[in-house]
Every structure is written in C-alpha cells, then in structure tokens.
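One-letter residues, chain by chain:
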Amino acid sequence: MKLAAVDYAILALYFCFVLGIGWKLRSSVTSAKEFLTASHHVPVWITSLAFLAANLGAQEVVGMMASGAKYGIMTAHFYWVGAAPAMIFAGVFMMPFYYGSKARSVPEYLKLRFDEKTRALNAVTFAVMTIFSSGISMYALGRMFQLVLGWSFDTSVILSAVIVLAYTWLGGLTSAIYNEVLQFFLIVLGFSPLSILVIIRAGGWHGIQSRLPDSMTHAWKYMGTANQNPMGVETFGMVAGLGFVMSFGYWCTDFLVIQRALAANSMSGARRTPLVAAFPKMLMPFIVILPGIAALALTKMGSGYSLPVKGNSYDYDQTLTSLMAQFYPSGMLGVGLTALMASFMSGMAGNVTAFNTVFTYDIYQSYIKPGASDKHYLKVGRITTVAGIALSIAAAYLAVQFNNLNDLLQLVFSFVNPPLFATFLLGMFWKRTTGHGAFSGLLMGTVAAGLTQGLSTAEGKGGWMVAMQGGWHVFPSQMAQNFWIAIFSWVTCFVVTVLVSLMTRAPDPESLDGLVYGSRGLPKDHSTHWYERPVPLAIVVAVALVILNLMFR
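Residues numbered from 1 in each chain as written. Predicted model: local features only at pLDDT ≥ 70, side-chain atom pairs only at ≥ 80, totals over all residues. Heavy atoms only, no water.

Before going further, it helps to spend a moment on the overall build of the protein. Secondary structure summary: the protein contains 23 helices and 5 strands in total. Judged by the C-alpha coordinates and their principal axes, the protein covers about 70 × 55 × 55 Å. Taking all 553 residues of the protein together, 62% fall into the buried category. For the protein, long-range pairs separated by at least 24 residues make up 81% of all intrachain contacts whose partners lie at least 6 apart in sequence. On the protein, roughly 19700 Å² of surface is accessible, and the fraction owed to carbon and sulfur atoms is 68%. The averaged location of the 22 negative side-chain charges in the protein is 2 Å from the averaged location of its 33 positive side-chain charges. (Helix = DSSP H or I, 4+ residues; strand = E, 2+ residues; numbered from the N terminus. Buried < 20%, exposed > 50% of the residue type's maximum accessible area, 1.4 Å probe, protein only. Contact = heavy atoms within 4.5 Å. Areas by Shrake-Rupley, 256 points an atom, 1.4 Å probe, with all protein chains shown as cover. Lys, Arg positive; Asp, Glu negative; His and termini not counted. Charge placed at Lys NZ, Arg CZ, Asp CG, Glu CD.)

This is how it looks when you write it as structure tokens:
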C-alpha cells in the first residue's frame, strides 16, 4: 500500500481536528464532574451518535469485516439480534433508573441498589474489561501503521496511544464525545465507497451468492444445527447467547455506552439516545460486513484479489486494509485510512474515559481517599487517563495471539457483561434481591465463565484446566464458545443471586424508592411531543429490525 502526498495531508488534517477539539474544550473542563461526566449538558443528537461511535472501534470495523469474511452474513446478527433489541430495552426500561438515580456510573447504581461490595466487584471487573477493549483497538491501529507506513509495531502502538491521550487529557469526556461524532461521519464517508466498489466487483449480492456456500449468505436458514453454518452456532445459542445474554449485557449495563446517554441534557434525551442510535446501527452491516463477504467471494473467483494468509488459514483481520490497498486510489486511500484511524481512536478513547470515571469515582473516591476536594479528583482523573493508556498498551500485545479481533473481544465481554445483566435484571424487577445475593451472583457468574472457557476448546484455544487434548468439549468456532460461556455465566449468576437473596434478609422497602419497578419515587419522563417519547421510536426500530431479518433470512 503506497500513500501519496494527498493521503498524508488528509491524515494530518484529521490529527489537527481531533487535537483541536480537545484544545478548544480544555478551558471549559475545570472540575472533576466536567472532566468525567460532561456535566449532563450534551444534546441528544450528539449523545446518540457518540453512543453508537463508542462501539465503532477496531472490533467494529476491522473485527466485523473480518467476521464477515470468516462467518458470512450471520455476522449481521451482532446488529440485528445482538444490538438493536437491547438498545430498545435500554432506552425504554433502563435509562429512567440510570438517569433518575443521578448515579455517575453503573457501579454507583449498584451501590445505591445493593451495597458497596457489589459496586467494588463490578468496578474492578469493568476496569479490567475496558483495558482489554482499549488494548484491542490499540493493537489494530498498530497493525495498520505497520502495514501502511512500514513502522515497527512498537512505534505504531505508542503513537496511537499518545494521540488519544492528548485529546482525552485536554477535554475529558466532552472531548471524547465530540470526537466520536466526528469519527462516526468519517467512518461512514471512508468505508461506504469501499463497500460499493467491492460488492460491484464481486457481481453484486447475487454474484456473491453464486460463489459462496448458501450458509455464508443466509442469516437464519442454516442455524438448525451447529454444524450447518460456519459460525458453528444453532438458533438457541444465537438467540440466547448473543441476542439476550451478551447483547443485553453490553448495551444495557456496559458503562462505556451508558456513559454517553448519561451525558444527555434531559431524561427524555437520555432515553432517546440508544433508540436514535439504533437506526444507523442497523445499517452498519452494509458498510462493515458485506465487504468482508465480498472479499471472500473475490478470493474464490480469482479476480486478482485474495485474502491475506496467516498460517494455515486466512488473516481475516487484514481484510479491510487489503481491500483498501486494492480498490482505493490516492486521495480516497487517505480518506479510508483516516476513517480507519478514527474508528480505532473512537474505541480507545471510549474505553479510557469510561475507565477513568469508574476508577476515580468508584474505586479511588470510595475506598482510597474519600472526602477530597474536587480539584484533587480532577487531577486523579487525568492521572488515571495516563495509567489507562499505559495498561492498554500492555493489553495490545495479548491480541497478537488471535486471528479475529471480534472473537477476542466477545470472549472478554462474555466474562463481565452476562452476569452483570442478570444482576441488573433481578435488581430492577425483583424487590427481594439483596446485596449479598447480587455480590455472590456476580462473583460466581464470572467464575462460571472461567470454568466454561477452561474446560472447553475452540480453534485450539481454551481448555487450560484439563490435561486431555480438546478439553471436555470442542466448540466448532471461538464465537460459539463465547456464546456458551455467556449463557453459563448468566444462568449461574441468576440462580445464585436468587438462592442467596432468599436466604438473606430482604432490603428495606424505603431504600428501594426510585430504584426498582413498583417502588415509590420512580423517575418520570415529562416529554410533551410524541417524537420525544421512547415508545414510538422503539416501535419504528422494531419494525425496521423485522424487515432486515426477513430480507436476509
């Protein structure tokens, strides 16, 4: 891949913009609240795009295109089954409690509903997860610099870390949110032309279908049994593992995205944020998945393009960059690379801002130095930003062992988000849930995830707890293993939480006001116009979702 002067100029202009946003906002960030929570003053259209863009990191662009080449159109289920339904639930049911409780983070809500130990456990596990997620984005960006510019991987990773550190240090969460909006438009502008060019070259959707197995081009038809499709997942595993446990666990409880909705300037804005974001989310497969499927079709048809090889398989993570090298001329290549860089920075910055908020408020302020001045917590927030970047660099080197970033990311999510969602589901809808039950459930759910991964293997990974080759069970793909890890984790947490709650003292009803359905003091949405209410938006999202699933069934 050779860059012309115009490509470098476009990249330099992007760097000026992202750093300029941070520099412009630096004077308005004078308190810990402004740095870590954006003071709840961001308009809904900004929070909605940031809600979506925070998930548009390396795992979204590189990982999903890689999964498209590896698994086919079934990858779209990460959007049509594994995102939009949960975003509807988050907007209609979850956000009133998050926003109305005035909690600054998801762990802080757990403290209000349960107790300190539950908050501490979630804060620690979430902090670890965000570091891994940020490291994955950093690894992908490092590989891109290595491929495109010929730099060493070490130099590439450090450069990407310095750029993200600069604008998050200057402007905090507000800077990250506004940069995420810029990055969203860059991603759409940079990758939409590639999608069109590659699909046309492959003969359109019908041409792709003619060159690939049917199981690669149908979303539902071949999920009767696991061995019928390349992902190795049956309908139950897909719907329960991805569509319910992992999806709801991420979009309803992951502070990375919830933090963007909490930055909205009203209850109505917070509730509409995930619903408005669901519309572009449902269309993203046409930009980030279909080109990956087309790349495999081009490889099969001997068109002059072929997927890069890694060992005895394809290097799926190089699908996007290899397509850009083949199909983008100078100038357009610069736009595409800028969009790719924007996606990596979006994922890194999103995770880092979530990490510094949780560490500062839920760990440092709660257990290390409570009662300090706001100026002190602002300083800690900035120092934590530096520490988060440093830890992300270490996590980036762990990603080298995987040939599909999305597989690794979903593995990380399967340990943290499923038990957390089970805890929230019981905590919000069952008054009898106790702090002891929630803590025990979260802990045992995470342990169950580790046991499932340690006793099974997929594509040569896992099975570290058993001596026999292959462990007790061999999954046909890493993604199938991830889904079942999530299912076992969620079920374990749910059952343990119920049992321990029934054996411990019920919480005081007055302590649940405004925190549980059916209690007093529930937050109210005072929207007057129909388009400001979440239910009409949710209905439109649901209808569009059904149509998309039927089109590619």
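It is worth spelling out the state of the cysteines at this point. Overall, the coordinates contain 0 disulfides when judged by the stated rule. A disulfide-free cysteine, C252 has its sulfur positioned 15 Å from the sulfur of C493, the nearest such atom. By relative accessible area, C252 is classed as buried at 0%. Judged by relative accessible area, which is 0%, C493 ranks as buried. (Disulfide = S-S within 2.5 Å.)

Turning our eyes to something else, we now look at the packing of aromatic side chains. Following the criterion strictly, the structure yields 31 aromatic pairs and no others. When the ring of F126 is compared with that of F255, the centres are 6.2 Å apart and the planes differ by 70°; the resulting orientation is edge-to-face. A residue pair is termed long-range when its members are at least 10 positions apart, and F126 in helix 8 (residues 116-149) and F255 in helix 13 (residues 255-262) qualify at 129 residues. Of the two residues examined, F126 and F255, each falls in the buried class. An angle of 45° between the planes, with centres 5.6 Å apart, marks the rings of F244 and F248 as tilted. (Phe/Tyr/Trp six-rings, centres within 6.5 Å; stacked < 30°, edge-to-face > 60°.)

Structurally, V6 can be placed in helix 1 (residues 5-25). Overall, the relative accessible area of 40% leaves V6 in the partly exposed class. For V6 and T299, which are 293 residues apart along the polypeptide, the C-alpha to C-alpha distance reads 30 Å. Filtering out sequence-adjacent residues up to four positions away, V6 remains in contact with S330 and G331.

A few words on the packing of helix 16 (residues 290-301) against helix 17 (residues 319-327). Helix-helix packing is described using two parameters, namely the angle between the two axes and the distance between the axes. Two elements in contact, helix 16 and helix 17, have axes separated by 10 Å at closest approach and are oriented at 70°. Judged on the interaxial angle alone, helix 17 and helix 16 are roughly perpendicular. As helix 16 packs across helix 17, the resulting crossing turns out to be left-handed. Contacts between helix 16 and helix 17 involve P291, G292, A295 and L298 from the former and T319, L323 and F327 from the latter. Its residues assigned to classes, the contact of helix 16 with helix 17 comprises 5 nonpolar, 2 polar and no charged. (Axes fitted to C-alpha atoms, helices over the stretch in contact; angles between N-to-C directions. Parallel < 35°, antiparallel > 145°, perpendicular 65-115°, else oblique. Left-handed = near helix turned anticlockwise from the far one by under 90°. Nonpolar A, V, L, I, M, F, W, Y, C, P; charged D, E, K, R; others polar.)

Looking now at the sheet that holds strand 4 (residues 461-462). Strand order in the open sheet made by the 3 strands is 4-3-5, with mixed pairing throughout. At either end of the open sheet lies a strand with only one pairing partner, and these are strand 4 and strand 5 (473-475). Relative to the sheet, helix 21 (residues 435-455) contacts strand 3 (456-458), strand 4 and strand 5, its axis offset from that of strand 3 by approximately 65°. (Pairing = 2+ DSSP bridges.)

Bringing the pattern of salt bridges into the picture now. Counted by the stated rule, this structure contains 6 salt bridges. Here E108 and R119 are joined by a salt bridge, their closest N and O atoms 3.4 Å apart. Of the two residues, E108 is situated in helix 7 (residues 106-113) and R119 in helix 8; the sequence distance between them amounts to 11 residues. Judged by relative accessible area, which is 3%, R119 ranks as buried. Three or more residues are tied together by salt bridges with common partners; here these are E108, K111, E116, R119 and D362. (Salt bridge = Lys/Arg side-chain N within 4 Å of Asp/Glu carboxyl O.)

It is at 11 Å that the axes of helix 9 (residues 153-201) and helix 17 come closest, and there the two elements cross at 75°. It follows that helix 9 is roughly perpendicular to helix 17 by the angle criterion. Of helix 17, the residues touching helix 9 (which contributes F191, L194, L197, V198 and R201) are L320, L323, M324 and F327. Here the contact of helix 9 with helix 17 is built from residues that sort into 8 nonpolar, no polar and 1 charged.

Any functional reading would require information beyond the geometric quantities listed.
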